[in-house]
Structure formats: C-alpha cells, structure tokens
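An overview of the molecular structure
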Amino acid sequence: MSTPINTSHASTALPSAPKPSARRTLAVLAALCMAASAQAANVTYNSEAAFLAAVGAVKSETFNAFTADTNNDMFGVGQTLNLSDFMLKGSWNVDAPNPGTDPLRTINGSTHVRIDLVWGGGTDLRFSDPIKAFGAWFRGAPTAIKVDGDSLDGFGSYRHLDELRPEYAAGSELQFIGFTSDQTFNRIVFLGAGCCIWNFAIDDVAYASALNPDTTPGPSPIPEPGSLGLALVALAALGARFAPRQSKHSVREA
C-alpha cells in the first residue's frame with residue numbers, strides 16, 4: 001500500500017533578526033546630522049577695539065614688571081618664561097626699556113618680549129587654563145600663528161583649531177592680531193620661515209576665557225558641502241538598511 005503524498009505548498013520562513021526601534025533610528029540620524037553641521041566659529045581681528053568689543057573683560061600681560069633684560073640663548077637649552085597665566089617655551093628675550101633697545105622691535109616704549117625663530121622653528125605660548133580669546137601687539141610678526149587646544153587623546157597631544165597668517169609677516173610693521181573661537185584653546189605656536197634667523201616683538205597680550213555673547217557669532221547652522229555629502233550618504237545607507245526586503249530564506253516542500 002503506497003503512502004499518500006502531501007501535495008500542498010507550505011512555506012516556512014526562518015526567523016529574522018529584530019529591527020532597531022524607530023526612536024533609536026532617529027537618534028542615530030540626529031547624531032549624524034549634528035556631527036555634520038557642527039563647525040567652530042573662529043574670528044580673526046586686526047583691530048584691538050573690535051577684538052575687545054567681541055571679548056568684553058580680558059586679562060592682560062604687559063611685561064612691565066621686568067625692569068632689566070633677561071637673555072635666553074637661542075642656541076642653548078630652551079628655557080621657560082613663567083608668567084601669571086601662561087608660559088613661553090622656546091627662544092625668547094625680555095627687552096626692558098633702555099638706550100640700547102632695537103628701534104625696529106620697539107612696540108610702545110615699554111618692556112616687551114623678543115622672540116627668536118630659527119630655520120622654521122617655533123616658540124610656544126601655553127596657558128594654564130583654557131581660553132577662548134587671544135590678542136597681542138606685534139612688531140615684525142611671525143610667518144604663521146597656530147592655535148591649538150588640549151586633545152582628549154592624552155597628555156601632550158593637541159587638537160588644531162586654526163592657523164593665522166599675519167598681514168605683515170617677518171617685517172618691521174606694527175600690527176595687532178586677535179583671535180576668538182567658540183571652542184577653547186590653550187596653546188599659541190609662533191612659526192618661523194623655512195630659512196634664516198630672525199625675530200619679532202610681542203607686547204600687551206590680552207586673553208579671556210569667555211566671549212561677549214552680544215557681539216560674537218555662534219557656530220554656522222549651515223553645513224559645508226562636504227558635511228552635507230556625509231550626512232546624505234549616511235541617510236541613504238540607513239534608508240537602504242531599513243527598506244522592506246523579500247525574505248530569501250523560504251523553504252518549499254512539494
């Protein structure tokens with residue numbers, strides 16, 4: 001006696017992995033969009049009045065407490081000039097007013113600091129606490145000024161915020177250079193040219209840990225094209241991930 005054959009067509013689907021909730025998906029999308037659109041609002045000033053208006057209350061260092069020259073040999077072991085809220089590391093000299101003061105590096109007739117740069121080297125100005133504004137008067141400014149902040153990667157590493165290019169670099173012109181950011185920073189690096197030995201003077205350093213909210217612009221709400229592209233790619237990838245698909249794991253029995 002033959003066994004009857006079941007001719008009904010039954011479909012058995014394997015269980016699929018649970019999909020993330022809509023709330024979790026929206027959270028991922030929001031994080032991606034915020035990361036794409038967040039930009040620092042960095043502003044450079046060549047007017048001391050405009051800089052002070054944007055900052056409000058500032059602290060300052062005039063170097064006038066030094067009444068005698070302090071020489072630091074640029075070819076010897078680098079020394080540190082410790083001041084109230086920051087220190088200079090590299091090659092520097094305190095130049096107190098006297099008849100022998102170099103007229104090409106005098107700023108306002110008072111004590112100032114002369115910084116020597118050699119063969120593309122740099123001198124660091126490091127603040128003990130994070131700040132959001134820095135400004136100073138320069139005579140013969142460095143070729144470039146880097147603005148860095150502490151990094152979360154660990155001690156001794158920095159995140160780069162901006163690099164300023166003075167209008168009158170490596171010359172004898174007197175100029176004010178100011179910088180503000182909505183992100184904190186604590187290191188200013190003065191960079192020299194790729195050749196030769198030269199110096200510049202710096203005086204009347206002004207700095208602040210907060211900005212004036214009435215005059216300081218906030219982060220741009222419009223992402224840059226590259227950030228927009230990143231956000232669109234992420235949205236497309238998530239859309240493809242959650243689009244309905246026909247199951248390929250069905251088994252039919254004859």
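Scroll up to find the structure.
Attention in this report is confined to the structure presented alongside it. (Residues numbered from 1 in each chain as written. Predicted model: local features only at pLDDT ≥ 70, side-chain atom pairs only at ≥ 80, totals over all residues. Heavy atoms only, no water.)

Here we come to the overall build of the protein. Per the secondary structure count, the protein includes three helices and 13 strands. Sorting the 254 residues of the protein into buried and exposed places 34% on the buried side. Within the protein, contacts between residues at least 6 apart in sequence are counted, and of these 77% link residues at least 24 apart. Entry remark: accessible area of the protein is about 15000 Å², with carbon and sulfur atoms responsible for 58%. (Helix = DSSP H or I, 4+ residues; strand = E, 2+ residues; numbered from the N terminus. Buried < 20%, exposed > 50% of the residue type's maximum accessible area, 1.4 Å probe, protein only. Contact = heavy atoms within 4.5 Å. Areas by Shrake-Rupley, 256 points an atom, 1.4 Å probe, with all protein chains shown as cover.)

It is characteristic of soluble globular proteins that their nonpolar side chains tend to be buried jointly. Counting residues in each nonpolar core, the largest one holds 31 residues, and the members touching the most others are V113, I115, F134, F138, I188, F190 and I202. For this core, the secondary-structure elements that each account for two or more residues are β5 (86–90), β6 (92–95), β7 (112–118), β8 (122–139), β9 (144–150), β10 (158–164), β11 (174–191) and β12 (197–208). For this core, the element with the most residues is β8, which contributes six residues. Once residues within four sequence positions are removed from consideration, I115 is found in contact with L88, S91, W92, T123, F190, W198, N199, F200 and I202. Residues F51, V55, A206 and L211 belong to the second largest nonpolar core, which totals nine residues. (Core = buried A, V, L, I, M, F, W, Y, C linked by side-chain atoms within 4.5 Å.)

Attention now moves to the pattern of salt bridges. Under the counting rule described, the total for this entry stands at six salt bridges. Here R114 and D116 are joined by a salt bridge, their closest N and O atoms 3.5 Å apart. What makes R114 partly exposed here is its relative accessible area of 23%. A relative accessible area of 9% means that D116 is categorised as buried. Here R187 ties to D124 by a salt bridge, and the two come within 3.4 Å at their closest N and O atoms. In this pair, R187 sits in strand β11 while D124 sits in strand β8, placing the two residues 63 residues apart along the sequence. Both residues of the pair, R187 and D124, count as buried. Salt bridges here are not isolated pairs; linked through shared partners, they connect D124, R126, D148 and R187. (Salt bridge = Lys/Arg side-chain N within 4 Å of Asp/Glu carboxyl O.)

Turning our eyes to something else, we now look at the packing of aromatic side chains. In this description, an aromatic ring pair is defined by two values, namely the gap between the centres and the angle between the planes. One pass over the full model with this rule turns up eleven aromatic pairs. A ring pair is formed by F51 and F176, whose centres lie 5.5 Å apart and whose planes are at 55°; its orientation type is tilted. A residue pair is termed long-range when its members are at least 10 positions apart, and F51 in helix α2 (residues 48–55) and F176 in strand β11 qualify at 125 residues. Judged by centre distance (6.3 Å) and plane angle (75°), the ring pair of F127 and F134 falls under edge-to-face. By the burial criterion, F127 is buried, and F134 matches it. An aromatic cluster is present here, built from Y45, F51, W137 and F176 joined pairwise through their rings. In this arrangement the basic side chain of R187 is found over the ring face of Y158, its NZ or CZ atom lying 3.8 Å from the centre. (Phe/Tyr/Trp six-rings, centres within 6.5 Å; stacked < 30°, edge-to-face > 60°. Lys NZ or Arg CZ within 6 Å of the ring centre and 35° of its normal.)

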